[in-house]
Structure formats: structure tokens, C-alpha cells
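Descriptive analysis of the structure
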Amino acid sequence: MNERNRNPVGWRSTTVIGVRRNNETCIGGDGQVTLDDVVMKNSAQKIRRLYEGSVIAGFAGASADAMALFDKFEVKLEEYGGNLVKSAVELARDWRTDKILRRLEALLIVMDDKKSLIISGNGDVLEPDDEVIAIGSGGPYATAAARGLIKYTKLSAKEIVENSLKITSEICIFTNDKINVETL
């Protein structure tokens, strides 16, 4: 087991996707939790509203770790007056350098009405080049579906998220069609 793959069981990720379109910001995630080759739960909630509802966040990875990170991120949002980028950078720095936090296994997507970011325990804070952001095992499938829907339809951000997740659930075995969506 290498340093970045400390989890002894074969947990697989999920699919969480965020889309921004026509002044609408939306994140959605599936509900499947998988341990090795067994589906343990179908209706997990992987999306959360933060900072008085002005930020939406989703996670892929270990659930307990993600909940701890959501709590820490909300503290950063309070500390930096809702500044999404500053809060994300500070969380990523703490996550990478703190002896306990650096053992947490998850990825986060965070979005407000202006920015979309992925935060990782490697110290990364990534902003996409376009209006689509996704994480998890099904992230590449959901991204491809969303980009196609953006290019060839007039669907809303919420409709794109929902349809992208449904398409992904038909391809990725670690993603199901029990979808949870939050919109700003």
C-alpha cells in the first residue's frame, strides 16, 4: 500500500458533477456507496449546502472523511467571509500539512454563484476551464455527457446535471440513478 492509497479495502468512488449555465449553479451526485464489489447503500446524500446556503458542495470518497472536511470548510468560509477561493486554498493547505487531516480520503467540489473548485488532500485547488466540474469514478463520463448537453441543447443546469448523472449510471458500475441535486 503506497502513501496515497492507505485504505486497505477497495472502496470505489461515486459521481458528483457541477454545472453552471445561464446564471444557475447546480451540483448533483448519485447515492451509491460501494465497498469492494458490494453496493452497501443506494441513497447516500453526497451534496450539502454551506455558508447560509450560498455555497453548495459535494464529495467523492470516504463519507466520514468528507463530512469532517465539509465541517472544516464551513469554518474556513466563516473565517474568510464566504470567500470561496481563499477558504478552499486554506482548507487544502491544512488538509495537506495537518498530521490528522492529511489521512482523510476524499475529494470535494465546491461552488458558489461565481466559482467552481475541486479541493484535494494533495493541496490542489482546481478551477475548470469551462462550466462543468466533476469528481469520482464516473466523473469523466458525467463531464462528457454534460459537455454534449451544453453544446447541443438548451437544458437548464439542473436538467444537465440530472441527465448527465443518469447517463453515467448506465456506464459506471460505481454510480446509480438515485440522484440528489442542489441548485443556487
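Preceding block: the structure.
A brief report on the enclosed structure follows. In this convention, every chain numbers its residues from 1, walking through the sequence in written order. Note on the predicted model: pLDDT of at least 70 is required for a residue's local features to be given, and 80 or more for side-chain atom pairs to be given and counted; whole-chain, interface and lining totals, by contrast, use all residues. The side-chain numbers reported here are obtained from all heavy atoms of the structure, hydrogens and water having been left aside.

**A word on the overall build of the chain**
- Each helix corresponds to a stretch of at least 4 residues labelled H or I by DSSP, and each strand to a stretch of at least 2 residues labelled E; elements are numbered beginning at the N terminus. A tally of regular secondary structure across the chain gives 4 helices and 11 strands.
- Seen through its C-alpha atoms, the chain measures out along the principal axes to roughly 45 × 40 × 25 Å.
- Buried residues in the chain amount to 49% of all 184 residues.
- Throughout, a residue-residue contact means that at least one pair of heavy atoms, one from each residue, lies within 4.5 Å. The long-range share in the chain, meaning contacts at least 24 apart out of those at least 6 apart in sequence, stands at 62%.
- Using a 1.4 Å probe, accessible areas were evaluated by the Shrake-Rupley method; residue-level cover was limited to the displayed protein chains. Of the roughly 9200 Å² of accessible surface on the chain, 49% is carried by carbon and sulfur atoms. Residue exposure (1.4 Å probe, protein chains only): buried if accessible area is under 20% of the type maximum, exposed if over 50%, otherwise partly exposed.

**Considering the nonpolar core**
- Membership of the largest hydrophobic core comes to 22 residues, with the highest contact counts inside it found for Phe73 and Ile119.
- Sorting the residues of this core by element identifies β6 (55-61), α1 (63-79), α2 (84-97), β7 (106-111) and β8 (116-120) as the ones contributing at least two each.
- The contact partners of Ile119, leaving out residues within four places of it in the chain, are Phe73, Ala88, Leu91, Ala92, Trp95, Leu107, Leu108, Val110 and Asp124.
- Here the nonpolar core consists of buried residues drawn from Ala, Val, Leu, Ile, Met, Phe, Trp, Tyr and Cys, with membership extended through side-chain atoms lying within 4.5 Å. Core analysis: the second largest hydrophobic core is formed by 14 residues, Cys26, Ala134, Ala142 and Val181 among them.

**Overview of the environment of Lys76**
- Within the secondary structure, Lys76 sits in helix α1.
- Distance in space between the C-alpha atoms of Lys76 and Leu91 is 7.0 Å, their sequence separation being 15 residues.
- With residues near it in sequence (within four places) discarded, Lys76 still touches Ser87, Glu90, Leu91 and Asp94.

**What about the sheet that holds β6?**
- What the 5 strands build is an open sheet, ordered β5-β6-β7-β8-β9; its pairing is antiparallel. Each edge of the sheet is formed by a strand with only one pairing partner; in this case those strands are β5 (47-50) and β9 (125-126).
- Strands are treated as partners if at least two bridges between them are detected by DSSP. Alignment of β5 against β6, held across 4 bridges, turns out to be antiparallel. Within β6, the residue paired with Arg48 across the bridge is Ala57.
- Here an axis means a line fitted to C-alpha atoms, over the contact stretch when the element is a helix, while the angle between two N-to-C directions is reported on a 0 to 180 degree scale. Each of β5, β6, β7 and β8 touches α1; the most contacted strand, β6, lies at about 150 degrees to it.
- Sitting on the sheet, α2 is in contact with β6, β7, β8 and β9, with an inclination near 10 degrees to β8.

**Describing the packing of helix α3 (residues 139-152) against helix α4 (residues 157-169)**
- Put simply, α3 and α4 touch, their axes get as near as 8 Å, and they point 135 degrees apart. With respect to each other, α3 and α4 are oriented oblique. Crossing geometry of α3 relative to α4 is assigned as right-handed. In contact with Tyr141, Ala142, Ala145, Ala146, Leu149 and Ile150 of α3, α4 contributes Ile160, Asn163, Ser164, Ile167 and Thr168. Any angle that falls under 35 degrees is termed roughly parallel, while one over 145 is termed roughly antiparallel, one within 65 to 115 roughly perpendicular, and all others oblique. The handedness criterion is simple: a crossing whose near helix is rotated anticlockwise from the far helix by less than a right angle is left-handed, and one whose near helix is rotated clockwise is right-handed.

**Some thoughts on the packing of α1 against α2**
- It is at 9 Å that the axes of α1 and α2 come closest, and there the two elements cross at 130 degrees. Taken together, the axes of α1 and α2 are oblique relative to one another. Crossing geometry of α1 relative to α2 is assigned as right-handed. Only Leu84, Ser87, Ala88, Glu90, Leu91, Asp94 and Trp95 of α2 make contact with α1, whose side of the interface consists of Leu69, Lys72, Phe73, Lys76 and Leu77.
- Throughout, the ten residues Ala, Val, Leu, Ile, Met, Phe, Trp, Tyr, Cys and Pro are labelled nonpolar, Asp, Glu, Lys and Arg are labelled charged, and all others, Gly among them, are labelled polar. Of the residues belonging to the contact of α1 with α2, the class tally is 7 nonpolar, 1 polar and 4 charged.

**Examining the sheet that holds strand β11 (residues 180-183)**
- Read from one edge to the other, the open sheet built from 4 strands follows the order β10-β1-β2-β11, with strand pairing classed as antiparallel. Only two strands of the sheet have a single partner each, and these edge strands are β10 (132-135) and β11. On average, each strand axis in the sheet is inclined to that of its neighbour by 15 degrees, with strand direction left out of account.
- In the sheet, strand β1 (residues 16-21) pairs with strand β2 (residues 24-29) via 6 bridges, with the strands oriented antiparallel.

**Some remarks on the state of the cysteines**
- Pairs of cysteine sulfur atoms within 2.5 Å are identified as disulfides in what follows. Applying the stated criterion to the full structure yields 0 disulfides.
- Left without a disulfide partner, Cys26 is nearest to the cysteine sulfur of Cys172, which lies 19 Å away.
- Given the relative accessible area of 5%, Cys172 is considered buried.

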